[in-house]
Amino acid sequence: MTAALLAALVLSQTYYTPDEAQAVFREGNDAFYQDPPDYAAAKAAYQKLLSHGMEGPDVLFNLGTACLANSDLGEAVLYLERSRRLRRSDDVEANLAIARQRQGDQLVGSAGAEPFLERVADATDDDATALACGISLWLSLGLVLLFRRLAPGRRGAVAFLMVMTLITAAVATTLVSIDAWAGTHYVQAVVMPATARVREFPKDGARVAFEVHAGLKVRVMEESGKFVRIRLSNNLEGWTEREGVVEL
Amino acid sequence: MRRTGSHSALLLLGLLTAATARAEVEFYQTVDRTKIGTEDTFHLTIVVGDAPEGATVQFPAPNDFEVLQRSQSTQMSYSLGAGNSGVIKRVQKYTLTMRANRTGKLTIPPAALATAQKTLKTEPIQVEVVKGRLAPDAPPPGRRSPFPDPFGNFFGGGNDDSDPFSGFPQPPEPDVPRGSSDTFLKASLDKETAWVGEQVNFSLYIYSRADLAAVDAVTMPKLEGFLSEDLDSPTQLAPESRTIGGVPYRAYLLRRRAIFPLKAGDISIGPAEVDITTGWLYQGSRQHRKGNPLTLKVKPLPREAQGLNVGRWRINAEASQTSTQVGAPLQVRVVLDGVGNLKSAVMPKLSGPTALKIYEPTTTDKVQIRRGTFGGTRVQEYVVLPQQTGTFTLPAVKLRYFNPESGQVEESTTDPLTLTVAAGAGGQNYAQAPAGGSGGTDAAGPKNRLEAGGLKQLRHTAQFTSARKPLWSRPWFVPFAAGPLALTLGFAAFGLMRRATSGSDPASEKKKKARAARARLAAAEKLRASGKTADFYSEVEKALLSFLDTRLSQAASGLTREQLDLKMAAAGASEDVRARVKSALETCDVGRYAPGMGDDAARGRALDEAARAIEAWDDK
């Protein structure tokens, strides 16, 4: 009995019911739109939802937008990018464009575009691709078995379907493999502090090569102690403190 | 003259001295204090009463003392003497303002009064001299400044705001430098400690006991670590009367600056230098004087005051009108007023809703110096161009500043301004927006401007999901995705194994031959379109016979139709199947030789008949 009560107590503090979550969400929206706006209160409400496991593209979008309105550029880019990863939409792209305009770094030099595989991984929906991969493989197996069962004159349609599902399975498997590779090898992060020093070597006394500013999206290449090696989209690289960047 | 009553011994000494010359001459000397500091001045008074005609006073000339000034006064008194005859008494007083040159118990030697008959001497006086300053300098006894100020309290006493320098505190009484006590240069600050950014007044005076003809050159110290604003740089010498250590001086202001320290710590100011000419016409002499260095202790601003204006400030805002039309500009004046360094003051920016386009302001500074304090008024005039109809509020402008007097951060806030904007009537002559602005005035008149852009609005409802990993990273995904491939490989391996272990299995042989028969049928299908009729039917017949070979387990090609029927019956084929097979074989025989069987339709029928016969056997 006591254990059940304790469990109920813990659950009540850890989880929101859908109605409670919607109420907290509205609380954040109200703070955002009150006159004068209270962006800090709006942020706090959305972050409360995240801390209780109530995520989703809408919460992340609103949180990113509140951060952007509050001029917290690093957090704004982080949450908007996370929302974009879950579900692409025009409003996320628009607010991300505004955040990029406000960002303080101008990357000069060659490159710019991400590598092909990263772009493919970025453009595909992880879950949809994985589902398509699994289903098409099983469907292919079923069609192969059916094909074998049918007499030669009746195999045409099955053969066509079998070929199509095999092609689909091959493409989907390739995309899932790319996603998996990119997920483990291509780590993106966002610079959080207003200014972060990037050194030439992973050591406190090492010379500062350049500085980056809040909201810049970087790629994390490797880590050493408290430093991570970051690469900018123009291939500029250096070491900065791990706590200064947050992975997407 | 002020005598120190506590020094009764000295007084007695003086009286005794006077007693010796009671009948003829009264002659004694006194000091106003017997314990002094080396920085103090004191007064030695020598009194001569009823001195005979031609008597001269010889003043003491001690090596241990410096005589800064000498003055003289005469007093006549009338009294009735014996026999009611009138007696006139004449008393002469000589006052010497002196300063000790060293410490210790020093002796002021006696003064002498030389008459025709004899020379009278006073008693020597001993004084104790210690280092430093013991007491403020006393004014010379019995008299005021020899340079009475004809203007009285004209400058200092009134509250006339029109005089920017009224109320300047007098600089502290300077120490008279040894060796150049007649003319010296003195710099002073009105504060010993100040906050970063707080105003401190720096004054440079030259003190002189002689007439100054001209100041030829003034070299100001480098005021490093300060922002400096000129308060007063007189172009003509204007003397002020000052008494320092009882000695009257003329003080000439050379420069007065407001300085604002930029950093915390002890900031030093080097000595100023000046070249002057004293005396008049050809009797003048040119002299060079160097002033004193100064040090100001500057306190850092509290953490919460970093970056704020320093001083006492007040801010207010006003709009030229509160009701207007779309496209009709109005002016909003934000006024900063107070004391402090106006030139480096920072004003908060006026902001407002996007419906009101606010242009960059024009800024006007009016510096004012009141009672030696730097300050003034800064006016920022914004042009606000309404772009939408409605009621809009320009939020309050808040200014936080550090008040050095209270040592705290204080705040001044304007009232919010509410503007009502109505739709503009087309074609009216609206005031034009400032150059470079997109005022929206065109031939049709200003419109309610609805501009896209800005942040996208928040989502009003949410679908919540818990944070989760992508499907491909879940542990079950790889077995799920690899399952079909694994099963395929498993089936293949199983078939291979079974084939390897079964060797020449009759059943598998049968199946193999049946597959071969079907393959032949498929080959016949390919011949269907060719013109070789005999080959086509021969291939179909071979496929059928080959199928029968596998089903009858013996060669069917040499059998007559009756034998074949018996064998099929023995193999369990039904009447219908047997009829189908025989019919298909007949068709093949006829097709090879009979005319009309070469067309595509006949070939198709033969192929279907053979296939149905095979299927019928398999389905029996």
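Residues numbered from 1 in each chain as written. Chains lettered and ligands numbered in written order. Predicted model: local features only at pLDDT ≥ 70, side-chain atom pairs only at ≥ 80, totals over all residues. Heavy atoms only, no water.

**Q** An account of the overall build of chain B is needed here, citing residue identities and associated values.
**A** When you go through chain B residue by residue, the secondary structure sums to seven helices and 31 strands. The burial tally for chain B puts 40% of its 620 residues in the buried class. Looking at chain B alone, contacts between residues at least 24 apart form 70% of all its contacts between residues at least 6 apart. Looking at chain B as shown, the accessible area adds up to about 33700 Å², and 52% of this sits on carbon and sulfur atoms. (Helix = DSSP H or I, 4+ residues; strand = E, 2+ residues; numbered from the N terminus. Buried < 20%, exposed > 50% of the residue type's maximum accessible area, 1.4 Å probe, protein only. Contact = heavy atoms within 4.5 Å. Areas by Shrake-Rupley, 256 points an atom, 1.4 Å probe, with all protein chains shown as cover.)

**Q** How would you explain the nonpolar core if you had to name every residue and give the values?
**A** Residue and element names in this part refer to chain A. Membership of the largest hydrophobic core comes to 34 residues, with the highest contact counts inside it found for Tyr 46, Leu 49, Val 59 and Tyr 79. Mapped by element, the contributors of at least two residues to this core are helix 2 (18–33), helix 3 (39–51), helix 4 (57–69), helix 5 (73–86) and helix 6 (90–102). Ranked by the residues each element gives to this core, the list is headed by helix 4, at seven residues. Among all residues touching Tyr 79, those that are not within four sequence positions of it are Gln 47, Leu 50, Leu 60, Leu 63, Gly 64 and Cys 67. (Core = buried A, V, L, I, M, F, W, Y, C linked by side-chain atoms within 4.5 Å.)

**Q** Help me get a handle on the interface of chain A and chain B, residues and values and all.
**A** With 45 residues of chain A in contact, the opposing surface of chain B contributes 27 residues. In this structure, Asp58(A) engages Arg459(B) in a salt bridge whose closest nitrogen and oxygen atoms are separated by 3.0 Å. Mapped onto the side of chain A that touches chain B, the elements with two or more residues apiece are helix 2, helix 3, helix 4, helix 6, helix 8 (126–149) and helix 9 (156–185) of chain A. Among the elements that make up the side of chain A that touches chain B, the one with the highest residue count is helix 8 of chain A (11 residues). The residue inventory of the side of chain A that touches chain B, partitioned by class, reads 27 nonpolar, 11 polar and seven charged. (Salt bridge = Lys/Arg side-chain N within 4 Å of Asp/Glu carboxyl O. Nonpolar A, V, L, I, M, F, W, Y, C, P; charged D, E, K, R; others polar.)

**Q** With reference to specific residues and values, describe the pairing of strand 11 (residues 183–189) of chain B.
**A** Residue and element names in this part refer to chain B. The element strand 11 is largely enclosed, with a buried count of seven among its seven residues. A two-sided burial pattern is seen for strand 11, the buried positions comprising Thr 183, Leu 185, Ala 187 and Leu 189 on one face and Phe 184, Lys 186 and Ser 188 on the other. The pairing of strand 11 with strand 13 (residues 200–208) spans seven bridges and is classified as antiparallel. When the bridges of strand 13 are listed, Leu 189 appears paired with Phe 202. (Pairing = 2+ DSSP bridges.)

**Q** If you had to explain the pattern of salt bridges to someone new, which residues and values would you point to?
**A** Evaluated as defined, the whole model comprises 38 salt bridges over all chains. Measuring nitrogen to oxygen at the nearest pair gives 3.7 Å for the salt bridge that ties Asp266(B) to Lys297(B). Placement of the pair is Asp266(B) in strand 18 (residues 265–269) and Lys297(B) in strand 21 (residues 294–299), with a sequence separation of 31 residues. Put simply, Glu81(A), Arg84(A), Glu93(A), Arg100(A) and Lys217(A) are held in one network by salt bridges that share partners.

**Q** Outline the packing of aromatic side chains, listing residues and values.
**A** Using the criterion set out here, one finds 17 aromatic pairs over all chains in the structure. Residues Phe25(A) and Phe464(B) carry aromatic rings whose centres are separated by 6.2 Å and whose planes lie at 85° to one another, so their mutual orientation is edge-to-face. Of this pair, Phe25(A) sits in helix 2 while Phe464(B) sits in the loop between strand 31 (417–422) and helix 2 (477–502), each in a different chain. With relative accessibility at 0%, the residue Phe25(A) sits in the buried group. One residue, Lys299(B), lies across the ring of Trp195(B), its end atom 4.3 Å from the ring centre. (Phe/Tyr/Trp six-rings, centres within 6.5 Å; stacked < 30°, edge-to-face > 60°. Lys NZ or Arg CZ within 6 Å of the ring centre and 35° of its normal.)

**Q** Break down the sheet that holds strand 2 (residues 35–37) of chain B for me, citing the residues and quoting the values.
**A** Sheet strands line up and pair through hydrogen bonds in the backbone, either parallel or antiparallel. All names here are of chain B. Read across the sheet, three strands follow the order 2-10-7 without closing on themselves; strand pairing throughout is mixed. Each edge of the open sheet is held by one strand with a lone partner, namely strand 2 and strand 7 (104–108). Within this sheet the neighbouring strands show an average axis-to-axis angle of 35°, counted without direction. (Axes fitted to C-alpha atoms, helices over the stretch in contact; angles between N-to-C directions.)

**Q** Tell me what's going on with the sheet that holds strand 23 (residues 323–325) of chain B, and back it up with residues and numbers.
**A** Residue and element names in this part refer to chain B. Strand order in the open sheet made by the three strands is 23-31-28, with mixed pairing throughout. In the strand order of this sheet, the two ends are held by strand 23 and strand 28 (390–394), each with one partner. The mean angle between the axes of side-by-side strands here comes to 30°, regardless of whether they run parallel or antiparallel. Two elements, strand 28 and strand 31, share five bridges in a ladder whose sense is antiparallel. Its bridge partner being in strand 31, Phe 392 is matched across the sheet by Leu 419.

**Q** I'd like a rundown of helix 6 of chain A, residues and numbers included.
**A** Residues and elements named next belong to chain A. Along its 13 residues, helix 6 runs 19 Å from first to last C-alpha, staying within 8% of the 18 Å computed at 1.5 Å per residue. Burial in helix 6 covers these residues: Asp 91, Val 92, Asn 95, Leu 96, Ile 98 and Ala 99. Angularly, the buried residues of helix 6 cover 155° about the axis, an arc narrow enough to put them on a single face. Relative to its buried face, helix 6 has exposed residues pointing more than 90 degrees away, namely Asp 90 and Gln 101. Where helix 6 is buried, its residues contact helix 4 and helix 5. (Expected span 1.5 Å × (residues − 1). Arc of directions from axis to C-beta.)

**Q** Tell me what's going on with the environment of Val421(B), and back it up with residues and numbers.
**A** All names here are of chain B. Within the fold, Val 421 resides in strand 31. Judged by relative accessible area, Val 421 falls into the buried class, the value being 4%. Each C-alpha atom of the pair Val 421 and Gly 390 lies 5.2 Å from the other, and the pair is 31 residues apart in sequence.

**Q** Just give me the short version of the side chain of Asn403(B), but keep the residues and values in it.
**A** Residues and elements named next belong to chain B. Looking at where Asn 403 falls in the secondary structure, it is placed in strand 29 (residues 398–403). Residue Asn 403 is classed as buried on the basis of its relative accessible area of 5%. In this structure, Asn 403 is in contact with Gly 311, Arg 312, Gln 408 and Glu 410, ignoring residues within four places of it in sequence.

**Q** Can you tell me about the confidence of the model for chain A, naming the residues and giving the values?
**A** On average, residues of chain A score 86 in pLDDT, and 92% of them are at 70 or above. When mean pLDDT is taken per element in chain A, helix 4 of chain A scores highest with 93 and helix 1 (residues 2–14) of chain A scores lowest with 53. (pLDDT = per-residue confidence, 0-100.)

**Q** Describe in detail helix 4 of chain A, supporting the description with residues and values.
**A** All names here are of chain A. Between its first and last C-alpha atoms helix 4 spans 18 Å; for 13 residues at 1.5 Å apiece the expected length is 18 Å, and the two agree. Of the positions making up helix 4, those classed as buried are Pro 57, Asp 58, Val 59, Leu 60, Phe 61, Asn 62, Leu 63, Gly 64, Thr 65, Ala 66, Cys 67 and Leu 68. Directly beyond the C-terminal end of helix 4, a positive phi value near 65° is found at Ser 71.

**Q** Pulling in residues and values, what's your account of unusual backbone geometry?
**A** Residue and element names in this part refer to chain A. Omega for the bond connecting Asp 35 with Pro 36 falls within 30 degrees of zero, at 0°, which places this linkage in the cis form. Within the secondary structure, Pro 36 sits in the loop between helix 2 and helix 3. In the Ramachandran plot, Asn 235 falls in the positive-phi region, its phi being about 75° despite a non-glycine side chain.

**Q** Please provide a residue-by-residue account of a nonpolar patch on the surface, values included.
**A** Taken together, the side chains of Phe160(A), Leu161(A), Val163(A), Met164(A), Ile167(A) and Val171(A) present a nonpolar region at the surface, about 540 Å² in accessible area. A relative accessible area of 47% places Ile167(A) in the partly exposed class. (Patch = residues over 30% accessible without salt bridge, like charges linked within 9 Å, V, L, I, M, F, W, Y side chains within 5 Å.)

**Q** How would you sum up the packing of helix 6 (residues 575–593) of chain B against helix 7 (residues 600–618) of chain B? Please name residues and give values.
**A** All names here are of chain B. With their axes 9 Å apart at the nearest point, helix 6 and helix 7 run at an angle of 155° to one another. By the angle between their directions, the pair helix 6 and helix 7 is classed as roughly antiparallel. As helix 6 runs across helix 7, the sense of the crossing is left-handed. Taking contact as the criterion, the partners of Val 577, Arg 580, Val 581, Ser 583, Ala 584 and Thr 587 in helix 6 are, on helix 7, Ala 606, Glu 609, Ala 610, Arg 612, Ala 613, Ala 616 and Trp 617. Split by residue class, the contact of helix 6 with helix 7 holds eight nonpolar, two polar and three charged. (Parallel < 35°, antiparallel > 145°, perpendicular 65-115°, else oblique. Left-handed = near helix turned anticlockwise from the far one by under 90°.)

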